[in-house]
Amino acid sequence: MQKKQKEYLIIDAYNVINNWPELIEIRDNLEYAREKLVDLMLEYGAYKGYQVFVVFDAPYTTEKENVQKVSSFLTVVFTEEDETADSYIEKLAYDSVRMNKKVYVVTSDWVEQMVILGAGAYRISSRELRKDVKKAKKNIEEEYSAKNKINRNELGGMISREAASKLEAIRCGKK
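This report concerns the structure included in the present document. (Residues numbered from 1 in each chain as written. Predicted model: local features only at pLDDT ≥ 70, side-chain atom pairs only at ≥ 80, totals over all residues. Heavy atoms only, no water.)

### Observations concerning the layout of surface pockets
Roughly 150 Å³ of internal volume is contained in the largest pocket. Every residue along the wall of the largest pocket is listed here: Glu31, Arg34, Glu35, Val38, Phe56, Gln68, Val70, Val76 and Phe78. Breaking the lining of the largest pocket down by element, the ones donating at least two residues are α3 (30-48), β3 (66-71) and β4 (74-78). Taken together, the residues of the lining of the largest pocket sort by class into five nonpolar, one polar and three charged. (1 Å grid on protein atoms, 1.4 Å probe; cavity = no way out; pocket = protein on both sides within 12 Å on 5 of 7 lines; lining within 4 Å. Points joined across faces, edges and corners; volume = space filled by probe spheres on them. Helix = DSSP H or I, 4+ residues; strand = E, 2+ residues; numbered from the N terminus. Nonpolar A, V, L, I, M, F, W, Y, C, P; charged D, E, K, R; others polar.)

Okay, here's the thing in structure tokens:
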């Protein structure tokens, strides 16, 4: 049986940071906001089975492109000098679609959405992703809770009636 190929989820990271209330309130500490987004996408990608690419703009740097493989299914990209996240995302989406990958791009930038759709990828707005991440997080918590529910093993179900009666008499102060 052939293994199903992972779907790609490409995220315009600063677009998401600037659209999610919980990330907007911490974006004064941009490093923390980036880490928070990456952590959320790590959990979300693992749960949904996506190959996730989180792409950050770094157009005003003199650094080379920085690609960090965080896990087997999450890659963080900082673009190189004079390259925008949009141009990186467009190329990645186009190349991935040509390799017969199902590609979703997360951005609320209308122009970027039109380019992505033209390349054959699907678009997801930042707001839609936030909604799905929250839903996935709730499902994860419910599944974890159900798997780890403590089974009550009451003593009454493990001893004879006679022993239970004697213990009840002791509890009530009767002989």
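### Some points on a negative patch on the surface
Residues Glu65, Glu80, Glu81 and Asp82 make up a contiguous surface patch of negative charge. Here glutamate 65 is to be found in the loop between β2 (50-56) and β3. Looking at glutamate 65, the relative accessible area reads 35%, which means it is partly exposed. (Patch = residues over 30% accessible without salt bridge, like charges linked within 9 Å, V, L, I, M, F, W, Y side chains within 5 Å. Areas by Shrake-Rupley, 256 points an atom, 1.4 Å probe, with all protein chains shown as cover. Salt bridge = Lys/Arg side-chain N within 4 Å of Asp/Glu carboxyl O. Lys, Arg positive; Asp, Glu negative; His and termini not counted. Charge placed at Lys NZ, Arg CZ, Asp CG, Glu CD. Buried < 20%, exposed > 50% of the residue type's maximum accessible area, 1.4 Å probe, protein only.)

### What to know about the nonpolar core
It is characteristic of soluble globular proteins that their nonpolar side chains tend to be buried jointly. Ranked by size, the top nonpolar core spans 28 residues in total, and within it Leu9, Ile11, Trp20, Leu37, Met41, Val54 and Leu129 carry the most contacts. Elements with a minimum of two residues in this core: β1 (7-12), α1 (13-17), α3, β2, β4, β5 (103-106) and α6 (126-147). No other element matches the six residues that α3 contributes to this core. The contacts of methionine 41, once residues within four sequence positions are left out, are Ile11, Trp20, Val52, Val54, Leu74, Leu129 and Val133. Counting residues in hydrophobic clusters, the runner-up holds 15 residues, among them Tyr8, Phe53, Val103 and Ala121. (Core = buried A, V, L, I, M, F, W, Y, C linked by side-chain atoms within 4.5 Å. Contact = heavy atoms within 4.5 Å.)

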